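What follows is each chain in one-letter form.
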Amino acid sequence: MSQSQPFPLSGLTVVDLSTEIAGPYATKMLVDAGAEVIKVEGPSGDPLRSWSASKQDLSGRDGALFQFLNGGKQSVDWDLETDAGREKFLRLCQSADLVLESGGAGWLTARGIGFDRLRERNPALCLVSISPYGTRGPWAERPATEFTLEAEVGNLAYRGLPARGPVAAGGRVGEWAAGSAATVAALATWRSARASGVGLHADLSMLETMCLTMTTYHDLFGQFLPGFAIPQAIETPSIEPAKDGWIGLCTYTGQQWKDLCGLMGRPDIGENETYYDGSARMEHLDLMLEVIHGWTKEHTMEEITELAGLLRIPVSPIGDGKAVLEFDQFRERGVFLDHPDGFKVPRVPYLVGGMPLPDFRSAPSLGADNAGLESSLPEASATTDPISEDDVKPAFDGLRVIDLTAFWAGPFATGILAALGADIVKIESIQRPDGMRFAGAVPSDQLWETAPIFHGCNMNKRAITLNLDSEEGQALLRRLLADADVVIENFSARVMENFGFTWEDLHAINPRLISVRMPAWGLDGPWKDRTGFAPNVEQASGLAWITGYEDMPLIPRGVCDPVGGMHTVYALAMGLEERERTGEGMLVEVPLVEPALNLAAEQVIEWTAYGEFLTRRENRGPVASPQAVFECQPSKQETRYEKKFVALSIVNDSHWATLVESIGRPEWALTPEYATEAGRRAAEDSIEDALAKWFAPQDCDEVADRLLAAGLPAATLINGYMISPNPQIEARGFRVELEHAVKGTMAYTGLPFQVSNQAAVCYRTAAPTMGSSNDEVLGVELGLTEAELADLREKQVIGNRPAFDV
């Protein structure tokens with residue numbers, strides 16, 4: 001693609017002060033849509049330049065992951081510790097639109113270049129800050145790694161087999177999730193500022209991001225089920241041994257489980273409704289594995305895929321850094337491309353009909369653009385005039401969205417849009433309600449209104465019901481689409497066409513309509529008609545390959561759903577930019593698997609750049625050594641559940657020296673080789689065994705507090721249902737109290753970033769009850785009479801409760 005063509009973000013100038021994965025991934029998404037991104041690194045450069053997960057000797061070359069995340073950007077090595085460097089940075093910001101930074105709490109302000117100073121130079125400039133806990137609150141300066149944050153949100157404690165201990169999600173996935181969230185924060189501030197002329201600061205917390213993306217609204221579950229602790233578990237079925245390798249299965253519904261049991265020759269188990277609940281299957285794990293493995297080990301992966309597919313049981317192969325390159329779905333769709341720096345990478349994870357995007361470009365060498373940028377800096381100027389923020393509005397204010405999505409990824413995307421000002425009309429039917437109304441629902445006489453996940457991702461929406469199998473339902477949907485901006489759905493590829501809504505039909509109804517589609521695997525290719533849920537996407541993408549025990553891959557548990565939702569919001573925003581340019585609507589496709597492949601990209605990059613095959617190492621990882629979970633004495637401070645594990649990450653040699661002092665300088669820890677990372681990695685078994693003995697008699701909370709006070713990343717493993725109260729979350733206002741029609745007042749988690757002007761974010765209403773806006777939308781807005789509404793209810797075209805017994 002010619003780089004001179006107008007791209008959706010042509011003209012957007014971004015100054016990137018971020019390092020590592022999260023910020024650079026966010027700015028990669030911006031540069032991939034045509035933004036100009038200038039990376040201000042400092043004399044030593046981004047540490048990721050010297051990174052390789054397999055510890056390659058790069059001999060001064062930039063690492064391939066750095067090249068992937070920073071391709072197409074410009075680089076300057078200005079020293080922000082000096083007056084001259086800071087002044088160049090401030091002058092650069094005078095003509096920029098957006099700054100991203102990851103320096104941590106107070107980093108910019110301590111150097112005299114905080115948000116207030118930036119706005120003196122450019123009142124419309126927006127700032128996105130990325131840090132472990134956010135830049136304010138009692139934990140703002142608390143040491144952390146992605147691994148210890150997994151412990152603090154409850155993700156780590158509930159994955160794995162109780163007899164083998166908790167195991168984290170691998171691949172630094174929380175950092176990739178934070179990068180995805182930072183892109184949303186960039187859109188939220190920049191789109192608002194473009195309309196109002198007022199720059200905004202979005203303060204993003206990785207802790208909050210991981211609460212949203214690496215647990216399934218466990219904080220809400222804790223409110224729905226007070227006093228109940230989620231047990232450690234694995235999914236059954238999930239990744240199972242076939243005759244010739246691993247195969248991924250998923251049974252989210254009772255019917256899928258029943259069909260699988262019939263396929264395995266055990267209909268008796270499938271007809272036992274007790275086992276529809278995954279927790280019941282976990283309680284009888286030995287029996288479940290005997291049945292499942294007795295069947296899977298007798299069949300090849302191809303046979304299982306064909307047999308399960310015939311019954312529409314979600315199934316997928318297990319991807320890794322080599323295998324994903326050969327999967328026919330990805331090959332036929334051209335998902336993997338050659339990067340100009342010499343390795344394979346996943347493409348931009350969305351497709352927007354007719355919209356050009358830049359080609360991937362090489363990453364810059366450190367300081368490559370010093371001369372050119374310094375010669376074009378504007379003269380210094382500043383204003384101290386007061387800035388009126390009266391006109392600040394949310395980024396998607398006035399956008400009308402018809403929401404046909406269900407389960408998690410789609411509703412998460414529309415939930416973001418709603419929080420940023422869009423009018424979301426959620427449509428389901430009483431014959432087929434959103435399945436997430438029942439997943440994990442707390443027993444009640446209105447079961448469909450008491451599911452925490454549904455509550456969590458459907459705030460601020462209006463809900464109506466329409467039976468789209470009926471002519472009346474389809475006709476009403478056409479009327480709603482006629483003056484909408486967007487229709488969004490996450491059905492499998494064939495469903496909209498079966499309802500009679502092809503892209504051509506939609507475009508004829510409303511030429512400015514943007515149709516956003518979120519199929520699991522894509523709208524074409526050999527897998528397009530396969531059923532796919534988040535576990536299958538994690539299985540196929542490689543995210544599961546890098547997670548789990550050495551002999552047992554495990555799924556990260558759903559991160560691809562909310563992260564896929566964030567990518568969908570971004571792709572829609574690019575479509576809106578294109579519509580602004582052309583006046584025409586378009587088809588936007590975000591296959592759930594493609595953002596997941598970007599999150600797992602490092603596996604493909606390491607394989608094709610260095611011939612290194614990455615795999616899981618339980619809680620060990622390339623960032624820190626030692627990195628592990630240690631069992632302690634149960635915390636005396638916690639009475640609601642037994643808290644007895646501590647996560648520890650020793651990131652560098654200085655951390656190791658501090659740890660040695662903290663544990664009393666035992667003789668074994670003074671081994672000279674342990675003073676270096678290489679030496680510690682060579683002796684991880686011995687070091688972890690010795691540390692386990694030291695941790696065993698310690699009080700869980702007390703020892704974590706001592707290590708944190710010494711500056712070491714450590715955390716007690718929290719049960720996700722009991723993450724609250726949490727002083728950092730409370731201080732930042734991450735949770736918002738709203739009144740639900742059935743459950744009463746609940747504390748809902750909002751966006752994972754705080755915005756400097758709250759007018760840019762809208763938290764209006766709790767999740768809607770089924771069909772609660774039928775009269776408002778169909779009667780008031782479409783003009784149906786009371787008699788017409790009553791007739792539709794009689795025909796069960798609309799309604800307020802499921803048409804079946806619950």
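Quick caveat, the model's predicted, so the values are computed rather than measured.

**Student:** A description of the overall build of the protein chain should follow, citing residues and the corresponding values.
**Tutor:** For the protein chain, the count of helices and strands is 32 helices and 26 strands. Computed over the C-alpha atoms, the radius of gyration of the protein chain is 26 Å, within 12% of the 28 Å expected from 2.2 N^0.38 for a compact globule of 806 residues. Dimensions of the protein chain along its principal axes, counting C-alpha atoms only, are 80 × 65 × 50 Å. The 806 residues of the protein chain split such that 62% are buried. Restricting to contacts in the protein chain with at least 6 residues of sequence separation, those with at least 24 account for 77%. In the form shown here, the protein chain has an accessible surface area of approximately 28,800 Å², with 49% of it arising from carbon and sulfur atoms. When the 68 positive and 113 negative side-chain charges of the protein chain are each reduced to one mean point, those points stand 0 Å apart.

**Student:** Please set out the nonpolar core residue by residue, giving values where relevant.
**Tutor:** The biggest cluster of nonpolar side chains holds 152 residues, and the ones touching the most others in it are Tyr350 and Phe396. With 13 residues, the top contributor of residues to this core is helix α7 (residues 173-196). One finds Ile402, Leu476, Phe501 and Ile798 within the second-largest nonpolar core, a separate group that totals 26 residues.

**Student:** Can you explain the sheet that holds strand β15 (residues 462-465)? Please cite residues and give values.
**Tutor:** Spatially, seven strands are ordered β12-β20-β17-β16-β13-β14-β15 in an open sheet, and the strand pairing comes out mixed. Each edge of the sheet is formed by a strand with only one pairing partner; in this case those strands are β12 (351-352) and β15. Where β12 lies against strand β20 (residues 587-589), two bridges are found, and the strand directions are antiparallel. Residue pairing in the sheet places Val352 in a bridge with Val588 of β20. Set on the sheet, helix α19 (residues 471-482) makes contact with β13 (400-403), β14 (423-428), β15 and β16 (486-489); between it and β13 the angle comes to about 155°. Contacts between helix α31 (residues 774-781) and the sheet are confined to β13, β14 and β15, with β15 contributing the most and set at about 75° to the helix.

**Student:** Lay out unusual backbone geometry in plain terms, naming residues and giving numbers.
**Tutor:** As a rule of thumb, non-glycine residues mostly have phi less than zero, and peptide bonds are mostly trans rather than cis. Cis geometry marks the peptide bond from Thr236 to Pro237; its omega dihedral reads 0°. Tracing the chain through its elements places Pro237 in the loop between α9 (218-224) and β7 (239-242). The residue Tyr217 is not glycine, and still its phi comes out positive at about 50°. In this model, Arg312 sits at a positive phi of 55°, which is unusual for a non-glycine residue.

**Student:** Tell me about the sheet that holds β7, and name the residues and values.
**Tutor:** Spatial ordering of the open sheet is given by β7-β8-β9, a layout of three strands whose pairing is antiparallel. Whereas interior strands pair on both sides, the edge strands pair on one side only; in this sheet they are β7 and β9 (315-317). Taken over all neighbouring pairs, the strand axes of this sheet differ in orientation by 35° on average, direction set aside. Strand direction decides the pairing type here: β7 and strand β8 (residues 245-249), joined by four bridges, are antiparallel. Paired with Pro241 across the two strands is Trp246, which belongs to β8. Helix α14 (residues 301-310) rests against β7, β8 and β9 of the sheet, and its axis sits at about 15° to β8. Contacting β7, β8 and β9, helix α22 (residues 534-541) runs over the sheet at an angle of about 10° to β9.

**Student:** Quick one: what's the story with helix α26 (residues 653-662), residue by residue and with numbers?
**Tutor:** Because an α-helix packs 3.6 residues into every turn, residues spaced three or four apart end up facing the same way. Regarding α26, the residues found buried are His655, Trp656, Leu659 and Val660. Along the axis of α26, the buried positions cluster into a sector of 140°, meaning they face one direction only. Buried residues along α26 sit against β22 (645-649), α27 (677-682), α28 (684-695) and α29 (700-709). Between a side-chain oxygen at the N-terminus of α26 and the backbone nitrogen of Ser654 the separation is 3.2 Å; the capping residue is Asn652.

**Student:** Give me the pairing of strand β2 (residues 36-40): which residues, what numbers.
**Tutor:** Counting buried positions along β2 gives four out of five residues, so the element sits mostly inside the fold. For strand β1 (residues 13-17) and β2, the ladder comprises four bridges, and the chain directions are parallel. Its bridge partner lying in β2, Thr13 is registered against Glu36. Remark: the β1/helix α1 (residues 22-31)/β2 crossover connection has right-handed handedness. With three bridges joining them, β2 and strand β3 (residues 74-76) adopt parallel strand pairing. If you follow Val40 over to β3, its bridge partner there is Val76. You can see the chain leave β2, run along helix α2 (residues 64-70) and come back into β3, and the turn it takes is right-handed.

**Student:** Lay out empty space enclosed by the protein with the relevant residues and their values.
**Tutor:** Under the definition given, this model contains six cavities of 30 Å³ or more. Looking at the largest cavity, it is lined by 16 residues, and the ones nearest its centre are Gly415, Ile416, Gly456, Met459 and Thr749. Per element, the largest residue contribution to the lining of the largest cavity is five residues, and it comes from helix α17 (residues 409-419). As a volume, the second largest cavity reaches approximately 110 Å³. Residue assignment for the lining of the second largest cavity shows that the elements contributing at least two residues are α8 (206-213) and α9. Among the elements that make up the lining of the second largest cavity, the one with the highest residue count is α9 (three residues). Of the residues contributing to the lining of the second largest cavity, the split by class is eight nonpolar, four polar and two charged.

**Student:** Summarise the packing of aromatic side chains; cite the residues concerned and give the values.
**Tutor:** Evaluation of the coordinates by the stated rule reveals 21 aromatic pairs. Centre to centre, the rings of Tyr133 and Trp139 are 5.6 Å apart; their planes meet at 85°, and the pair counts as edge-to-face. Its relative accessible area of 16% is what places Trp139 among the buried residues. The positively charged end of Arg281 is found above the aromatic ring belonging to Trp257, 4.3 Å away from the centroid. In this arrangement the basic side chain of Arg557 is found over the ring face of Tyr158, its NZ or CZ atom lying 4.2 Å from the centre.

**Student:** Give a detailed account of the environment of Gly104, specifying residues and quantitative values.
**Tutor:** Within the fold, Gly104 resides in the loop between β4 (98-101) and α4 (107-110). The exposure class assigned to Gly104 is buried, which follows from its relative accessible area of 17%. Considering only alpha carbons, one finds Gly104 and Val777, 673 residues apart in sequence, at a separation of 45 Å. Each residue touching Gly104, except ones within four places of it in the same chain, is listed here: Ser131 and Thr135.

**Student:** Tell me about the pairing of strand β25 (residues 744-749), and please be specific about residues and values.
**Tutor:** Across the six residues that make up β25, a large majority, five, are buried. Where strand β24 (residues 735-740) lies against β25, six bridges are found, and the strand directions are antiparallel. What sits directly across from Leu738, in β25, is Met746. Once β24 ends, the chain turns through three residues before running back antiparallel as β25.

**Student:** Residue-level account of the packing of α1 against α7, with values.
**Tutor:** Viewed as axis vectors pointing N to C, α1 and α7 meet at an angle of 45°, and their least axial separation amounts to 7 Å. Compared by their axis directions, α1 and α7 come out oblique. The crossing of α1 and α7 is right-handed. Listed contacts from α7 to Ala22, Tyr25, Ala26 and Met29 of α1 are Glu175, Trp176, Ala178, Gly179, Ser180, Ala182 and Thr183. Looking at the contact of α1 with α7, its residues break down into seven nonpolar, three polar and one charged.

**Student:** Can you explain the pattern of salt bridges? Please cite residues and give values.
**Tutor:** Two side chains of opposite charge can pair, provided their charged atoms sit close to one another. In total, this model carries 60 salt bridges according to the counting rule given. Note that Glu589 is salt-bridged to Arg333, the shortest N-O span being 2.9 Å. Residue Glu589 is located in strand β20, and its partner Arg333 is located in the loop between α15 (328-332) and β10 (336-339); the two are separated by 256 residues in the primary sequence. Judged by relative accessible area, Arg333 falls into the buried class, the value being 10%. Note that Glu449 and Arg437 form a salt bridge whose closest N and O atoms lie 2.9 Å from each other. Taken together, the residues span a long stretch of sequence, with Glu449 in the loop between β14 and α18 (452-457) and Arg437 in the loop between β14 and α18 at a distance of twelve residues. Each member of the pair, Glu449 as well as Arg437, is classed as buried.

Rules of the game
- Residues numbered from 1 in each chain as written.
- Predicted model: local features only at pLDDT ≥ 70, side-chain atom pairs only at ≥ 80, totals over all residues.
- Heavy atoms only, no water.
- Helix = DSSP H or I, 4+ residues; strand = E, 2+ residues; numbered from the N terminus.
- Rg over C-alpha atoms; globule rule 2.2 N^0.38 Å.
- Buried < 20%, exposed > 50% of the residue type's maximum accessible area, 1.4 Å probe, protein only.
- Contact = heavy atoms within 4.5 Å.
- Areas by Shrake-Rupley, 256 points an atom, 1.4 Å probe, with all protein chains shown as cover.
- Lys, Arg positive; Asp, Glu negative; His and termini not counted.
- Charge placed at Lys NZ, Arg CZ, Asp CG, Glu CD.
- Core = buried A, V, L, I, M, F, W, Y, C linked by side-chain atoms within 4.5 Å.
- Pairing = 2+ DSSP bridges.
- Axes fitted to C-alpha atoms, helices over the stretch in contact; angles between N-to-C directions.
- Arc of directions from axis to C-beta.
- Polar contact = N/O pair within 3.5 Å; in protein donor to acceptor, adjacent residues only side chain to side chain.
- Right-handed = clockwise from strand over helix to strand, strands pointing away.
- 1 Å grid on protein atoms, 1.4 Å probe; cavity = no way out; pocket = protein on both sides within 12 Å on 5 of 7 lines; lining within 4 Å.
- Points joined across faces, edges and corners; volume = space filled by probe spheres on them.
- Nonpolar A, V, L, I, M, F, W, Y, C, P; charged D, E, K, R; others polar.
- Phe/Tyr/Trp six-rings, centres within 6.5 Å; stacked < 30°, edge-to-face > 60°.
- Lys NZ or Arg CZ within 6 Å of the ring centre and 35° of its normal.
- Parallel < 35°, antiparallel > 145°, perpendicular 65-115°, else oblique.
- Left-handed = near helix turned anticlockwise from the far one by under 90°.
- Salt bridge = Lys/Arg side-chain N within 4 Å of Asp/Glu carboxyl O.

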